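Topology and contacts: notes
Spelled out from the first residue to the last, the chains are:
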Amino acid sequence: TYEYYELNLIADTTKRMADVVKESLKKIEFEKMVRQEFFTNVSHELKTPITSIRGYVELLENDMAANEEMKKEFLYRIKKEAQNMANLINDILMISRLETKEAEVTIKDIRITPLVNEVIASLKPMAAQNNITIEVNCQPLTIKANDGQMKELLNNLISNAIKYNKPNGKVNIIIKKEGNEVIFIVEDTGVGIPEESKARVFERFYRVDKGRSKKMGGTGLGLSIVKHIVNYYGGTIQLESELGKGSKFTVRIPLS
Ligand code: ADP
């Protein structure tokens, strides 16, 4: 009957509403867990260098450096640990800005060539340390985006291609338009990424080789920031890599 039909409809709608609420609660719980895990990781990542700095300071205080050279080594390590902490704080600030200020991001017309050249210029000293050649092939394109975010994206991909390269290695950067997309390709001849880590490198704090990452001033946050920026523009990121041969990151961002 008509009434029966109505009741059924109400029951059905109520059930669907309950499902939506259940799903939302699950999502909130999940986000809370992710946040909690993030803070645990951050505290751990900050405590480690602090402990290490304290250790070296105590050694110096107690005149435990056998000679000038050792003293210099301790001071160098203190400087390095402090730099790593600064990198971490910068990346955390970047994540926080990305998460909370998305509505305030200013989008302008950006010319890609000068932007990529600026990023490369700032990374040249790091590349020179290992005699790494950077080759760029960039079409003269303009995109509507945020300047800071685009610099961050390119900086993270290109600095990784340098950091995880081999001595005398190469970094090849291609930026071009294809259909309605801008494609950024950053390819290197470095150490490569093992199959089982390919999906995980985009997770916060995941590193294939923690020692190497730390030595190079890495935080384990760079690629998660890249992914966040790519998602913001409705784009995609793809990784191809062969262990011992190199890696290739391809970012596609829709124009408009
Ligand atoms: P990190 O600050 O450690 O470089 P990222 O989030 O940028 O953090 O990268 C995560 C991990 O992915 C790195 O620690 C490294 O192990 C691996 N990785 C990233 N880019 C490359 C690359 N071009 N070649 C080889 N390994 C890479």
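Since this is a predicted model, take the numbers as computed values, not measurements. (Residues numbered from 1 in each chain as written. Predicted model: local features only at pLDDT ≥ 70, side-chain atom pairs only at ≥ 80, totals over all residues. Heavy atoms only, no water.)

**Some words on the side chain of T219**
If you trace the backbone, T219 turns up in the loop between helix 5 (210–215) and helix 6 (222–232). Residue T219 is classed as buried on the basis of its relative accessible area of 6%. At a separation of 3.1 Å, a polar atom in the side chain of T219 contacts the main-chain amide nitrogen of L221. Dropping the residues within four chain positions of it, T219 is found in contact with N87, L88, D91, F205, R207 and S213. (Helix = DSSP H or I, 4+ residues; strand = E, 2+ residues; numbered from the N terminus. Buried < 20%, exposed > 50% of the residue type's maximum accessible area, 1.4 Å probe, protein only. Polar contact = N/O pair within 3.5 Å; in protein donor to acceptor, adjacent residues only side chain to side chain. Contact = heavy atoms within 4.5 Å.)

**Thoughts on empty space enclosed by the protein**
The final tally for this structure, using the stated rule, is 1 cavity of 30 Å³ or more. Computed from the structure, the largest cavity encloses a volume of approximately 90 Å³. If you trace the largest cavity, you find it lined by E45, P49, E81, N84, M85, L88, R207, K214, G218 and T219. When contributions to the lining of the largest cavity are tallied by element, the ones reaching two or more residues are helix 1 (2–61) and helix 2 (68–100). (1 Å grid on protein atoms, 1.4 Å probe; cavity = no way out; pocket = protein on both sides within 12 Å on 5 of 7 lines; lining within 4 Å. Points joined across faces, edges and corners; volume = space filled by probe spheres on them.)

**Remarks on unusual backbone geometry**
Positive phi outside glycine occurs at N131, with the angle close to 55 degrees. Considering the arrangement of structural elements, one finds N131 in the loop between helix 3 (112–129) and strand 2 (133–138).

**Some remarks on the layout of surface pockets**
Put simply, the largest pocket is a space of about 1200 Å³. Lining the largest pocket are 47 residues; nearest its centre among them are N160, K163, M216, G217 and G218. Where the lining of the largest pocket is concerned, the elements lending two or more residues are helix 2, helix 3, helix 4 (147–163), helix 5, helix 6 and strand 7 (246–254). Counting residues per element, the lining of the largest pocket draws most heavily on helix 4, at 9 residues. For the second largest pocket, the lining is made up of 28 residues, of which V34, F38, I95, E99 and R204 are closest to its centre. Listing elements by their share of the lining of the second largest pocket, those giving two or more residues are helix 1, helix 2 and helix 6. Per-element accounting of the lining of the second largest pocket gives the leading share, 9 residues, to helix 1.

**A look at the sheet that holds strand 7**
Judged by pairing direction, the sheet is mixed, and its 5 strands sit side by side in the order 2-4-5-7-6 without closing on themselves. At either end of the open sheet lies a strand with only one pairing partner, and these are strand 2 and strand 6 (236–242). When strand polarity is set aside, the average angle formed by the axes of neighbouring strands in this sheet is 10 degrees. Relative to strand 7, strand 5 (residues 181–188) runs antiparallel, the two sharing 7 bridges. Bridge pairing links I185 to T250 in strand 7. Contacts from helix 3 reach strand 2, strand 4 (170–178) and strand 5, with the element oriented near 175 degrees to strand 2. Where helix 6 meets the sheet, it contacts strand 6 and strand 7, and its direction lies at approximately 140 degrees from that of strand 6. (Pairing = 2+ DSSP bridges. Axes fitted to C-alpha atoms, helices over the stretch in contact; angles between N-to-C directions.)

**Digging into the pairing of strand 4**
Every other side chain in a regular strand lies on the same face of the sheet, so the side chains alternate between the two faces. Sheet analysis places strand 2 next to strand 4, joined by 6 bridges and oriented parallel. Of the residues in strand 4, the one forming a bridge with C138 is I175. Hairpin connection, strand 4 to strand 5: the antiparallel pair is bridged by 2 residues, and G179 has positive phi, about 60 degrees.

**A word on the site of the ligand**
Close to the ligand lie 22 residues; Y164, D188, S213, T219 and L223 are nearest. T219 is positioned with one of its backbone polar atoms (N or O) 2.7 Å from an oxygen atom of the ligand. Here an oxygen atom of the ligand and a backbone polar atom of G220 are 2.9 Å apart. Notes on the ligand: free accessible area 530 Å², of which the protein chains cover 98%. According to the grid-proximity analysis, the pocket containing the ligand is the largest pocket. When contributions to the shell around the ligand are tallied by element, the ones reaching two or more residues are helix 4, helix 6 and strand 7. Tallying contributions element by element places helix 4 first for the shell around the ligand, with 3 residues. Broken down by class, the residue content of the shell around the ligand amounts to 10 nonpolar, 8 polar and 4 charged. (Near = heavy atom within 4 Å. Areas by Shrake-Rupley, 256 points an atom, 1.4 Å probe, with all protein chains shown as cover. Sits in = over half its atoms within 2 Å of the grid points. Nonpolar A, V, L, I, M, F, W, Y, C, P; charged D, E, K, R; others polar.)

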